[in-house]
Number of protein chains: 4
Amino acid sequence: MKIKVGIVGGTGYTGVELLRILVNHSQVEICVVTSRSDTGKRVDSVYPNFFGLLDLLFSEPEIDRLAECDVVFFATPNGTAMLMARELLDRGVKVIDLAADFRIKNIEVWEKWYGQKHVCPELVAEAVYGLPEVNRDKIKKATLIACPGCYPTSVQLGFLPLIENGLIDLGHLIADVKSGVSGAGRKAQVGILMSETGESFKAYSVAGHRHLPEISQGLEQAAGCDVHLTFVPHLTPMIRGIHATLYAKINKGSGDLQEIFEHRYADEPFVDVLPRGNHPDTRNVRGSNRCQIAVHQPENSDTVVVLSVIDNLVKGAAGQAVQNMNLIFGLDEKMALGIVPLYP
Amino acid sequence: MKIKVGIVGGTGYTGVELLRILVNHSQVEICVVTSRSDTGKRVDSVYPNFFGLLDLLFSEPEIDRLAECDVVFFATPNGTAMLMARELLDRGVKVIDLAADFRIKNIEVWEKWYGQKHVCPELVAEAVYGLPEVNRDKIKKATLIACPGCYPTSVQLGFLPLIENGLIDLGHLIADVKSGVSGAGRKAQVGILMSETGESFKAYSVAGHRHLPEISQGLEQAAGCDVHLTFVPHLTPMIRGIHATLYAKINKGSGDLQEIFEHRYADEPFVDVLPRGNHPDTRNVRGSNRCQIAVHQPENSDTVVVLSVIDNLVKGAAGQAVQNMNLIFGLDEKMALGIVPLYP
Amino acid sequence: MKIKVGIVGGTGYTGVELLRILVNHSQVEICVVTSRSDTGKRVDSVYPNFFGLLDLLFSEPEIDRLAECDVVFFATPNGTAMLMARELLDRGVKVIDLAADFRIKNIEVWEKWYGQKHVCPELVAEAVYGLPEVNRDKIKKATLIACPGCYPTSVQLGFLPLIENGLIDLGHLIADVKSGVSGAGRKAQVGILMSETGESFKAYSVAGHRHLPEISQGLEQAAGCDVHLTFVPHLTPMIRGIHATLYAKINKGSGDLQEIFEHRYADEPFVDVLPRGNHPDTRNVRGSNRCQIAVHQPENSDTVVVLSVIDNLVKGAAGQAVQNMNLIFGLDEKMALGIVPLYP
Amino acid sequence: MKIKVGIVGGTGYTGVELLRILVNHSQVEICVVTSRSDTGKRVDSVYPNFFGLLDLLFSEPEIDRLAECDVVFFATPNGTAMLMARELLDRGVKVIDLAADFRIKNIEVWEKWYGQKHVCPELVAEAVYGLPEVNRDKIKKATLIACPGCYPTSVQLGFLPLIENGLIDLGHLIADVKSGVSGAGRKAQVGILMSETGESFKAYSVAGHRHLPEISQGLEQAAGCDVHLTFVPHLTPMIRGIHATLYAKINKGSGDLQEIFEHRYADEPFVDVLPRGNHPDTRNVRGSNRCQIAVHQPENSDTVVVLSVIDNLVKGAAGQAVQNMNLIFGLDEKMALGIVPLYP
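Residues numbered from 1 in each chain as written. Chains lettered and ligands numbered in written order. Predicted model: local features only at pLDDT ≥ 70, side-chain atom pairs only at ≥ 80, totals over all residues.

What to know about the overall build of chain A
A tally of regular secondary structure across chain A gives 12 helices and 14 strands. By the compact-globule yardstick of 20 Å for 344 residues, chain A fits well, its C-alpha radius of gyration being 20 Å. Among the 344 residues that make up chain A, the fraction classed as buried is 60%. Within chain A, contacts between residues separated by at least 24 positions form 70% of all contacts whose residues are at least 6 apart in sequence. (Helix = DSSP H or I, 4+ residues; strand = E, 2+ residues; numbered from the N terminus. Rg over C-alpha atoms; globule rule 2.2 N^0.38 Å. Buried ≥ 20, exposed ≤ 12 C-beta atoms within 10 Å, placed from the backbone. Contact = placed C-beta atoms within 7 Å.)

Quick word on the packing of helix H1 (residues 13–22) of chain C against helix H12 (residues 314–328) of chain C
Residues and elements named next belong to chain C. Axis separation between H1 and H12 bottoms out at 9 Å; the angle between their running directions is 50°. By the angle between their directions, the pair H1 and H12 is classed as oblique. In this structure, the crossing between H1 and H12 has a hand that is right-handed. On the side of H1, the interface is formed by Thr14, Glu17, Leu18, Ile21 and Leu22, while H12 contributes Val314, Ala317, Ala318, Gly319, Ala321 and Val322. Grouping the amino acids of the contact of H1 with H12 by side-chain chemistry returns 8 nonpolar, 2 polar and 1 charged. (Axes fitted to C-alpha atoms, helices over the stretch in contact; angles between N-to-C directions. Parallel < 35°, antiparallel > 145°, perpendicular 65-115°, else oblique. Left-handed = near helix turned anticlockwise from the far one by under 90°. Nonpolar A, V, L, I, M, F, W, Y, C, P; charged D, E, K, R; others polar.)

Quick notes on the sheet that holds strand E8 (residues 173–179) of chain C
Residue and element names in this part refer to chain C. The strand order across the open sheet formed by 7 strands is E9-E10-E8-E11-E14-E13-E12, and the pairing between neighbours is mixed. On the outer flanks of this sheet lie strand E9 (202–203) and strand E12 (271–273), each paired with one strand and no other. In this sheet, strand E10 (residues 229–235) lies alongside E9 in antiparallel orientation, the contact comprising 2 bridges. Among the inter-strand pairings, Ala203 is bridged to a residue of E10, identified as His234. Taken strand by strand, helix H8 (residues 150–164) contacts E8, E10, strand E11 (242–249), E12, strand E13 (291–296) and strand E14 (303–310), and its axis lies near 35° from that of E11. (Pairing = 2+ DSSP bridges.)

Section: the relation of the copies chain D and chain A
Take chain D, turn it by 180°, move it 0.0 Å along the axis, and it overlays chain A with an RMSD of 0.0 Å. Interpreted geometrically, this transformation is the action of a two-fold axis. Minimal C-alpha distance to the rotation axis in chain D is attained by Pro237(D), lying at 3.1 Å. (Least-squares fit on C-alpha atoms with pLDDT ≥ 70 in both.)

A closer look at the relation of the copies chain C and chain D
Mapping chain C onto chain D leaves a residual RMSD of 0.0 Å; the transformation is a rotation of 180° accompanied by 0.0 Å of translation along its axis. By residue overlap, the copies meet face to face through one surface: 100% of the interface positions of chain C are interface positions in chain D.

Observations regarding unusual backbone geometry
Here Tyr343(A) and Pro344(A) are connected by a cis peptide whose omega angle stands at -5°. Take Pro344(A): it is sitting in the segment after helix H12 (314–328). The backbone of Ser205(D) shows a phi angle near 50°, a positive value even though the residue is not glycine. Relative to the assigned elements, Ser205(D) resides in the loop between strand E9 (202–203) and helix H10 (211–223).

What to know about the interface of chain D and chain A
For an interface, size is often stated in terms of accessible area lost upon the parts coming together. Each partner contributes to the interface: chain D provides 40 residues, whereas chain A provides 39 residues. Secondary structure elements with two or more residues in the side of chain D that touches chain A: strand E8 (173–179), helix H9 (194–197), E9, strand E10 (229–235), strand E11 (242–249) and strand E14 (303–310) of chain D. If you tally residues by element for the side of chain D that touches chain A, the top one is E11(D), at 4 residues. Its residues assigned to classes, the side of chain D that touches chain A comprises 16 nonpolar, 15 polar and 9 charged.

Regarding the interface of chain C and chain D
At the interface, 27 residues of chain C touch 27 residues of chain D. Per element, the largest residue contribution to the side of chain C that touches chain D is 3 residues, and it comes from H1(C). By residue class, the composition of the side of chain C that touches chain D is 15 nonpolar, 8 polar and 4 charged.

Some remarks on the nonpolar core
Counting 432 residues, the largest nonpolar core has Ile293(A), Phe73(B), Ile293(B), Phe73(C), Ile293(C), Phe73(D) and Ile293(D) as its most contacted members. If near-sequence neighbours (up to four positions away) are discounted, Ile293(D) is found in contact with Leu157(D), Gly158(D), Phe261(D), Val271(D), Asp272(D), Val273(D), Leu274(D), Val306(D), Leu307(D) and Ser308(D). (Core = buried A, V, L, I, M, F, W, Y, C linked by C-beta atoms within 7 Å.)

A word on the environment of Gly277(A)
Its place among the elements puts Gly277(A) in the loop between strand E12 (271–273) and strand E13 (291–296). Measuring from C-alpha to C-alpha, the distance between Gly277(A) and Asn289(A) comes to 23 Å, with 12 residues separating the pair along the chain.

Quick word on the domain arrangement of chain A
All names here are of chain A. Under the domain assignment, chain A is made up of domain 1 (3–126) and domain 2 (151–311). Between domain 1 and domain 2, the C-alpha centre-to-centre distance is 27 Å. Each partner contributes residues to the interface: domain 1 has 9 residues there, and domain 2 has 7 residues. Residue contributions to the side of domain 1 that touches domain 2 peak at 3 residues, all from helix H5 (residues 107–114). Classifying every residue of the side of domain 1 that touches domain 2 gives 6 nonpolar, 1 polar and 2 charged. (Domains from an automatic or database assignment.)

Description of helix H10 (residues 211–223) of chain B
Residues and elements named next belong to chain B. Its 13 residues place the ends of H10 18 Å apart at the C-alpha level, agreeing with the 18 Å of an ideal helix rising 1.5 Å per residue. Taken together, the buried positions of H10 are His211, Leu212, Pro213, Glu214, Ile215, Ser216, Gly218 and Leu219. Residues of H10 that are buried make contact with helix H5 (107–114), helix H8 (150–164) and strand E10 (229–235). (Expected span 1.5 Å × (residues − 1).)

Quick look at the environment of Ala223(B)
Residues and elements named next belong to chain B. Looking at where Ala223 falls in the secondary structure, it is placed in helix H10. Here Ala223 falls in the partly exposed class, since 18 other C-beta atoms lie within 10 Å of it. Measuring from C-alpha to C-alpha, the distance between Ala223 and Gly166 comes to 7.5 Å, with 57 residues separating the pair along the chain. The residues contacting Ala223, other than those within four sequence positions of it, are Ile163 and Leu170.

Concerning the pairing of strand E4 (residues 71–74) of chain A
Residue and element names in this part refer to chain A. Of the two faces of E4, the one lined by Val71 and Phe73 and the one lined by Val72 and Phe74 are each fully buried. Taken together, the 4 bridges between strand E1 (residues 3–8) and E4 define a ladder with parallel strand orientation. Among the inter-strand pairings, Ile7 is bridged to a residue of E4, identified as Phe73. Relative to strand E5 (residues 94–97), E4 runs parallel, the two sharing 4 bridges. From the neighbouring strand, Phe73 faces E5, where its bridge partner is Ile96. After leaving E4, the chain enters helix H4 (residues 81–90) and then returns to the sheet as E5, a path that is right-handed. (Right-handed = clockwise from strand over helix to strand, strands pointing away.)

A short note on the sheet that holds E14(D)
Paired through backbone hydrogen bonds, the strands of a sheet run either parallel or antiparallel to each other. Residue and element names in this part refer to chain D. The 7 strands are arranged E9-E10-E8-E11-E14-E13-E12 in an open sheet whose pairing can be described as mixed. Of all strands in the sheet, those bounded by a partner on one side alone are E9 and strand E12 (271–273). Summarising the sheet, E8 and E10 pair through 7 bridges and their orientation is parallel. In the sheet register, Ser179 faces E10, and the bridge partner there is Leu235. Seen against the sheet, helix H11 (residues 257–264) touches E12, strand E13 (291–296) and E14 and runs at an angle of roughly 160° to E13.

What about the confidence of the model for chain A?
Looking at chain A as a whole, its pLDDT mean stands at 97, while 100% of the residues score no less than 70. What the predictor reports for the complex is a pTM of 0.98 with an ipTM of 0.97. (pLDDT = per-residue confidence, 0-100.)

What follows is the structure, encoded as structure tokens:
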């Protein structure tokens, strides 16, 4: 018996990416893909990369149809999943939210950054933050998953070995992170036109970005105390990929950082610590669920530099969501996620 | 028993692409990957997209090791495969050449365009041109395959339904074809630097290009007579993809072209005829072995316009090579080729 | 006394481009730049490339302020200039329209392609088509200029020497033209997002494009008879530039085409015929008002291939508009247009 | 009498960029452009963007011809200018080196990072570091200019107001800097092919980069004491532009940073401090000699973030070199540098 899957919000980039991965998942049957704007259209007429590969129509998001699924992914704008999650959970459906509705435990903080009232704060407490490298066991037993954001995934995986081992000054962490433009979504906005973002590079939201409280929450949980992080996101003229460059002041006698990173991720199927001296390209992981990390300590310096790359749409969104689904349903965690990165 | 595969020239883009596809081929064991320049290095140290996915070293191209394989792919510069093909064939190894050594039946024409003496013209006669949409039955029985070039694949698939049905004036065919820069290979040349090819578009080799005689040979075989083609290749500022725009004068009363194309490719697993009025993007097939075709006849015009797109490194090279291998070994033609195109 | 200039629609790409050129025009004073959406804002707050270079606010398009100018450029959507042109002309203001309102002499054809009723057909008859290489003398005396479209500029300049000299079969012309995405304008549309147009190439509007009747009108005027053109526009993943690849069947004994082209454009300040065997890159003219042309005749062929490149926003729009202004006001035609193309 | 200019190394990107700027400099006559590889060729045959704009041949670098110039620019690889500078200076020619030969005062440090013996250390002492915002008066009297590197220009201009006013902790400065690929030059190298650098982002040289000692020297001179900087350069998939993101721990009571920056650069013709809350795009300065800076202090944080963008080939190389030339010859510092940034 295959797992019956529903996808709400199938026309955004994370929705399409779920389809790309799940089409080749041997234990999954895609039953429902919803889209208010494209209801009734064939998926492959909107996304011709599925021509010949997927025989499915977009439908309205109806709770009764979705409730027939075993699991429903929400690849929707923030504030959508929280409207349907309670009923789906009550009817025995697992829910995996790729947006931010259930990521931040402090409701007040969430409401401030997301500019809306949370309709089911009690579910936030119940939700498991779907970062398998931290919460694998909890995920296996979860019914509601809050999939991590793209920036938070790359930054947390880069800082965790340092923080868990108490190696750095937690008062002055810096995360200088660069994202491809698909992170901004599939929205009709002048600012993300090719003529506006091509051949140019910029920082944005230096004063504050929604992913900052999410990252801080994860780092503080690992540290067991307060952490101060400066987080500066940038837009880089490419479609996919995130590159996090992380800086921290390292404590004396902190040991061999390369070994510490390799040891931390030795059993992780999707996190690779590159050999000493390497610098990961974002293309190394394009289209795949992998994270590549390199750790450097420049000579005569007490500053550690960590480089962490992911594909924002895969390990930063749809791939990680499928990884969570595999864990929930007791499948091989890597199932359907063996896609080789596309080079060149 | 898995098929033992050898790859000669594993460090070029078509070689890496063979690896990307074959790593997930359940019936294949990759035994040898050669590279003179990188002998002894781990594949994933040169191509970090294979980190954690492939445990293999590059080796010298030694005939004895290659002869232990069931099939050897040549992803080498033109003129290399012809030096080793005879001995491998004599020792019972199938040979699939991704370069041009065995594509052109007229040796004189080959020697003129490729600027060298052919060392085994007798093998050229024996070789099967590996375009499954034309030669599927011959391929199944072949021992030596000449894989079609990238431009020739896109142009032939676009013109074939028109020519086979005698619908167009063969005296004035035009193929205006645009390729991404990976088609130029992985060579240290100023002309293909990002600073030289990014944000710019140009035609090249208008006076004559090596792929012209290959295309003409294929079209003339389909026509059973001479064909005159003007072929203008262009370089477009993207990495992967070929878009052929084909023009021909159509004969009166030639019927419904859409139906003719759909009928021609109805049973082809990798050729999609898009619905009326569509225009394929090259990204529709990025990373996949598919060809998408649309046929248009502008109003009040006797000119037919065919749009044909492929990924130059897949259906135009490594993917088609694996498709040929599957046919030769009696496997499902689609095995390992179910990769969904990467969008966005 | 400087020429007082008004620009209506200063927030689109052609409007900004007018500013870029006119800021360094020694005989011009920019008096008014209108924008409904950005009224009251500093130009350099919307377009920070003008920071420190331009001290001006966007204003509402008010006829009285515009009427104080010597010349008003319309860098507006189609159908806007025709609403204000009559009054401005009556009040002695020269009008240069960068949109299509006055380009097509046949009102019926215009109304069909532009989907609206023309409000001042009598002005269409009066307007001069602003292609200086054809209409220089008329432009000098004009009060109303219809600036040519970007595609039509590149295609006409490429075909004119062949047509004017009666060298080609007018029944089967083909223009396969590729444009950067800035040609689609600065509009909030999903189809021109970087994630949608980057790393991909496609044809569009094969069934028919608005620029077809404009091109045909120009070619037919040169030919003195009917011309049949197949015109296929394509979108190429770069910001600026148009590359036209033109095909025609050449008559026997048509002479040395290189010489014919060089002779035709010998005195043209902005049209360069490249030496034999060259292929122009679009970047050769990036940011400049130049057109580069190469003419080829592949061996053993009766097909001539012309390559013609321009920057769509300069020679295809704002630069050509300034060239027209210079002619109207009796200035050096090249004034402010000596910008060197940006390479790399 | 015009200034006679010689350019040694005219075929690299900084050499071509000098030509682009100087072609429109009213007080300059370009007398010699040398290139060993292209001797005897027309400049516009190698760089067709100069077609119709420049009537000049590349020549061998002969000392006697160069000695006839008033000023010679070296747009050469490191280690070239030092071989000819002494003789040119002795013969009364001003020398402006765009490479690194005279930038670092400590010869030992220079020799370590540049891997060669310095042949004229006495000239290093004499040379003026050509950053007008720091050394304007010295430049006016100089005969030998060491033009700053591209990274050092962007980083120093961003940090200087903070350091000169003693506002930050000098023990932990961080410069996370991103460059377009033209910074890597016009060399036949696989690593900078479009297929290798397009659609990907990476850090490099984290362990140490040649520009680090140059930046440190400049910052330490401003500070009057030791400075510890962590400098991480990155390659971003675009052609032109540098974006420096700078981090420092700010002292308490350091005043209004916006005002301090605006005051520092109030009289600088090429440095713009953007209004509060802005984030500069690199395209804001594309093709121009301008530097745009924004200063931010995230809420509840003692970390200051400075964003500083330049065009690496202009303010980071050829433009700054011409700015130096203008100063040396007593011309308006802005002459020929009024080029408006190219947008889009």
